[in-house]
Amino acid sequence: MPQQDEIPNRPNLLQRIRYSIFPSTLRTEKAREGYRRLFNSLILHFRPRNVPEDTLRWTLTWGLGGMAVVLVFLLLGTGVLLKFIYQPLPEKAYESILHLQNEVLFGRLIRNIHHWSANALIIVAFLHLLRVFFTGAFHAPRQFNWVIGSGLFLLVLFSNFTGYLLPWDQLAFWAITICTGMLEYMPGIGLWLQALIQGGPEVGPGTLSNFYAIHTVILPVSLLILMPFHFWRIRKVGGLVIPRPPGQGSGGHGQTVPAIPNLLLREIVVALVFIAFMLVFSMLFNAPLGSKANPGLSPNPTKAPWYFMGIQEMLLHFHPIFALFVIPTLMLVALFALPYVDYQVNTAGIWFASMKGRQMTFIAALAALIGTPLAIVADEYLIEVAARLPAIPTWITNGLLPFAVLLAALAVFYIFMQRKYAATNTEAVQMVFVLFLVAFVMLTVTGIWFRGTGMKLGWPWAGGA
Amino acid sequence: MTKMKKTKPLNVEKENRPEVNPSRRSFLNKLWIVLGGLVLVEVVGLVLAFFQPRKTRETAGEPVGIVEAGAVDKFTLSSVTAFVRGKFYLARLEDGGFLALSRKCTHLGCTVPWSSKEMKFVCPCHASVYDIRGEVVSAPAPRPLDLHHVFIENNIVRVDTNKVIKRSAFRAEQAVYAKK
């Protein structure tokens, strides 16, 4: 080994420091190479050495998981910066935001990035969830990773929700007031839970410090623990689902290529382009900031954060027990139970399960797309069961009855589709999922854009919303 | 590549150890689990205690408890007066009875403004409507506006805002009258 003797006799300070960290790098080229490899495998621990070439296809993942990771890191970075300026007290919070925006160098930009990244994260994470669902990536052996992913999605929602209050403007104050007001309807523990979260009888100083602690410590730490778990599980099952056309069995994975540079390069491209996009977007659009919170004046209309608008819209049609407890609970249970249904066929890697599945998805989406607005309008202007039957409690006329009607409509649709397509339960579950998905999206869209003053229905361009 | 160090098989050491009573061992193991569970309960309790409503902070400064509203005659019949500090409305019904209505909408907790023109409380959040007695005129509010205790001494109206009284409907005995 010719390089063995290259250690200088009297190393200088820098060399000594380097030697103390990487003991053998001064000695041989080979050892240096070894360290480099160790370093690489440490950093890229979550990536296998080789990946199937098919899974590199952009249209398999759309880069959504990677974008979500990018957003999380953008949020952590900007969040730490904001923490230097922000003061979580009702008298000071709003002023500290004003100070941030008007006097701190790039303060407004940092806040914008944080705001838009948080909102984008919900969308990106949700699209990622849809991608995983529609490529059947929740089938065995990936079931538990679906559960972890759903948990991550809930964490993202809670992070957004707790962050929503912090600016302490009218928008924040009243959105959190009505959202924590919703807890009251949870049977049994509702009032206790509400007081616990609010840290008092109403939204106030206690709420702000609770939310601040949850938003800046508990949720980020939970995210940082769950995320690596999520990625590690992907590696454990041998990477992503291998895309295949409908009708083709799941064979081996064609050719494999080294992850570095093939996968790494693609990930870096997605990350850089996406960061650039978020940056430009944050320069062009300012995060909203209303006037300072005034507990004596509810703005009209008062709306929940947009990701909860679907639930607020349901509130206008169902008794609170159903809109806030029964239906959301059922939806959550369904989300977590989804991968554990005893499926007849494993369709991992096939978009929408099969050709039949594609048709059924399309019809279900169309049905919900047309049916939901019709039901909303009918309920708004035509149906007045509660008013006609004042003797019966409203939780029946306004809750159980419409709920039963909806379930009956669902059953009729289901039986009709089963007669027509004789589908496997994989396709049937997908159809029901799409039905609920599109209906919920339509409710959310209605709530955001079609509800004006006094929460009356109206066109968005009529100046209502 | 790093070399894995060979680990000794675990049972080598075990063989040299004196016999341990297996039932005692399993008992001790269970004890550990129970103690661990106890610690967990304590930690959860501690966290919840930290979340509990902060009463001292809420009422820092002046105590808000009992609000002196003013002389009986100050309030005209069929009128509603807002008290910002106590966060309630003092309503005087057409027959002279007093009701202290919480300004919090029973639907989701928005603040309901009084419209003296329409003689109604109209919630801006989800369009619940209440009449002067706090009764629901129009859903989605599930119950009438909450009440606070009103008491009248020496023709002075006072309201105790510490307690919130929930009710399912307006009844005549809820209104408080000045003694003649």
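Definitions and cut-offs
Residues numbered from 1 in each chain as written. Chains lettered and ligands numbered in written order. Predicted model: local features only at pLDDT ≥ 70, side-chain atom pairs only at ≥ 80, totals over all residues. Heavy atoms only, no water. Helix = DSSP H or I, 4+ residues; strand = E, 2+ residues; numbered from the N terminus. Buried < 20%, exposed > 50% of the residue type's maximum accessible area, 1.4 Å probe, protein only. Contact = heavy atoms within 4.5 Å. Areas by Shrake-Rupley, 256 points an atom, 1.4 Å probe, with all protein chains shown as cover. Salt bridge = Lys/Arg side-chain N within 4 Å of Asp/Glu carboxyl O. Pairing = 2+ DSSP bridges. Axes fitted to C-alpha atoms, helices over the stretch in contact; angles between N-to-C directions. 1 Å grid on protein atoms, 1.4 Å probe; cavity = no way out; pocket = protein on both sides within 12 Å on 5 of 7 lines; lining within 4 Å. Points joined across faces, edges and corners; volume = space filled by probe spheres on them. Nonpolar A, V, L, I, M, F, W, Y, C, P; charged D, E, K, R; others polar. Parallel < 35°, antiparallel > 145°, perpendicular 65-115°, else oblique. Buried area = accessible area lost by both parts, 1.4 Å probe. Polar contact = N/O pair within 3.5 Å; in protein donor to acceptor, adjacent residues only side chain to side chain. Core = buried A, V, L, I, M, F, W, Y, C linked by side-chain atoms within 4.5 Å. Phe/Tyr/Trp six-rings, centres within 6.5 Å; stacked < 30°, edge-to-face > 60°.

**What about the overall build of chain B?**
- A count of helices and strands for chain B gives three helices and ten strands.
- Of the regular secondary structure in chain B, the N- to C-terminal order runs α-α-α-β-β-β-β-β-β-β-β-β-β.
- With 180 residues in all, chain B has 36% of them scored as buried.
- Considering only residue pairs separated by 6 or more positions, chain B has 43% of its internal contacts joining residues 24 or more positions apart.
- Summed over its atoms, the accessible surface of chain B is roughly 12,100 Å², and 60% of this surface lies on carbon and sulfur atoms.

**Notes on the pattern of salt bridges**
- Under the defined criterion, the tally for this structure stands at eleven salt bridges over all chains.
- Among the salt bridges present, the one from Arg57(A) reaches Asp54(A), with a minimum N-O distance of 3.7 Å.
- By relative accessible area, Asp54(A) is classed as partly exposed at 28%.
- Of the charged contacts in the structure, one is a salt bridge between Glu118(B) and Lys120(B), with a shortest N-O distance of 3.9 Å.

**Comments concerning the pairing of strand S2 (residues 79-83) of chain B**
All names here are of chain B.
- Across five bridges, S2 lies against strand S3 (residues 88-92) in antiparallel orientation. Its bridge partner being in S3, Phe83 is matched across the sheet by Phe88.
- Hairpin connection of S2 to S3: four residues between the antiparallel strands, including Lys87 at a positive phi of 55 degrees.

**Structural notes on the sheet that holds S3(B)**
Residue and element names in this part refer to chain B.
- Taken in spatial order, the six strands line up as S1-S10-S9-S4-S3-S2 in an open sheet, and their pairing is antiparallel. The open sheet has two edge strands, strand S1 (66-71) and S2, and neither has a second partner. Each strand of the sheet is rotated relative to its neighbour by a mean of 25 degrees, with strand direction disregarded.
- One ladder, built from five bridges, connects S1 with strand S10 (residues 156-165); its direction is antiparallel. Of the residues in S10, the one forming a bridge with Ile66 is Asp160.

**Examining empty space enclosed by the protein**
- Considering all chains together, one arrives at two cavities of 30 Å³ or more under this definition.
- Volume-wise, the largest cavity comes out at about 60 Å³.
- Around the largest cavity, the lining residues are Phe133(A), Phe134(A), Gly136(A), Phe138(A), His139(A), Thr347(A), Ile350(A), Phe352(A), Ala353(A), Thr426(A) and Gln430(A).
- At the level of secondary structure, the elements contributing two or more residues to the lining of the largest cavity comprise helix H6 (107-134) and helix H17 (425-449) of chain A.
- Tallied by class, the residues present in the lining of the largest cavity amount to six nonpolar, five polar and no charged.
- The calculated volume of the second largest cavity comes to roughly 50 Å³.
- In this structure, the second largest cavity is lined by Thr177(A), Gly181(A), Glu184(A), Gln194(A), Gln198(A), Glu202(A), Val203(A), Lys104(B), Leu108(B) and Gly109(B).
- The set of elements that each furnish at least two residues to the lining of the second largest cavity consists of helix H8 (170-182) and helix H9 (190-198) of chain A.
- Of the residues that constitute the lining of the second largest cavity, the class distribution is two nonpolar, five polar and three charged.

**Considerations on the packing of H9(A) against helix H10 (residues 205-236) of chain A**
Residue and element names in this part refer to chain A.
- Where H9 contacts H10, the axes come no closer than 7 Å and their chain directions differ by 80 degrees. Relative to H10, the element H9 is oriented roughly perpendicular. Contacts between H9 and H10 pair Leu196, Ile197 and Gln198 from the former with Gly206, Thr207, Asn210 and Phe211 from the latter.
- Within the contact of H9 with H10, the residues separate by chemical class into three nonpolar, four polar and no charged.

**So, the interface of chain B and chain A**
- Contact residues are listed per partner, giving 25 residues for chain B and 36 residues for chain A.
- Here chain B meets chain A over a buried area of about 2,500 Å², counting both sides, of which 56% is carbon and sulfur.
- Put simply, chain B and chain A have two salt bridges between them.
- Its salt-bridge partner being Lys87(B), residue Glu202(A) comes within 2.7 Å of it at the nearest N-O pair.
- The tally of links between chain B and chain A comes to six residue pairs in polar contact (both at pLDDT 80 or more).
- Mapped onto the side of chain B that touches chain A, the elements with two or more residues apiece are helix H2 (22-51) and helix H3 (55-58) of chain B.
- Residue classes in the side of chain B that touches chain A are distributed as ten nonpolar, seven polar and eight charged.

**Notes on the nonpolar core**
- In this structure, Leu71(A), Trp168(A), Phe308(A), Leu101(B) and Phe121(B) are the most contacted members of the largest nonpolar core, which totals 87 residues.
- The contact partners of Phe121(B), leaving out residues within four places of it in the chain, are Val80(B), Tyr89(B), Leu101(B), Val112(B), Pro113(B), Trp114(B), Ser128(B), Val129(B), Tyr130(B), Asp131(B), Ile132(B) and Leu145(B).
- Counting residues in each nonpolar core, the second largest holds 28 residues, with Leu335(A), Ala364(A), Ala423(A) and Phe433(A) among its members.

**A look at the sheet that holds strand S5 (residues 114-115) of chain B**
Residues and elements named next belong to chain B.
- An order of S5-S6-S7-S8 is seen for the four strands of this open sheet, with the pairing classed as antiparallel. With partners counted over all chains shown, the strands left at the sheet margins are S5 and strand S8 (136-138), one partner each.
- With two bridges joining them, strand S7 (residues 129-130) and S8 adopt antiparallel strand pairing. Bridging from a neighbouring strand, Val129 pairs with Ser138 of S8.

**Quick notes on the packing of aromatic side chains**
All names here are of chain A.
- This model, assessed by the stated rule, comprises 30 aromatic pairs over all chains.
- For the pair Phe133 and Phe433, a centre-to-centre distance of 3.8 Å together with 20 degrees between the ring planes defines the contact as stacked. With Phe133 in helix H6 and Phe433 in helix H17, this pair connects stretches of sequence that are 300 residues apart. Taken individually, Phe133 and Phe433 each receive the classification buried, so the pair is uniform in this respect.
- Arranged with centres 6.4 Å apart and planes meeting at 20 degrees, the rings of Phe274 and Phe277 form a pair that is stacked. Note that Phe274 and Phe277 are positioned in helix H11 (residues 259-284) at a spacing of three residues, about one turn of the helix.
- When its relative accessible area of 11% is taken as the criterion, Phe274 is described as buried.
- The exposure class of Phe277 is partly exposed, given its relative accessible area of 48%.
- Three or more aromatic residues joined by ring pairs form one cluster here, namely Phe133, Phe134, Phe138, Trp146, Tyr343, Trp351, Phe352 and Phe433.

**Remarks on the side chain of Gln174(B)**
All names here are of chain B.
- Tracing the backbone shows Gln174 in the segment after S10.
- Within the structure, Gln174 has its side chain in polar contact with the backbone oxygen of Ala169 (distance 3.2 Å).
- Sequence-distant contacts of Gln174, defined by excluding residues within four places in its chain, comprise Phe98, Leu99, Leu147, Arg167 and Ala169.

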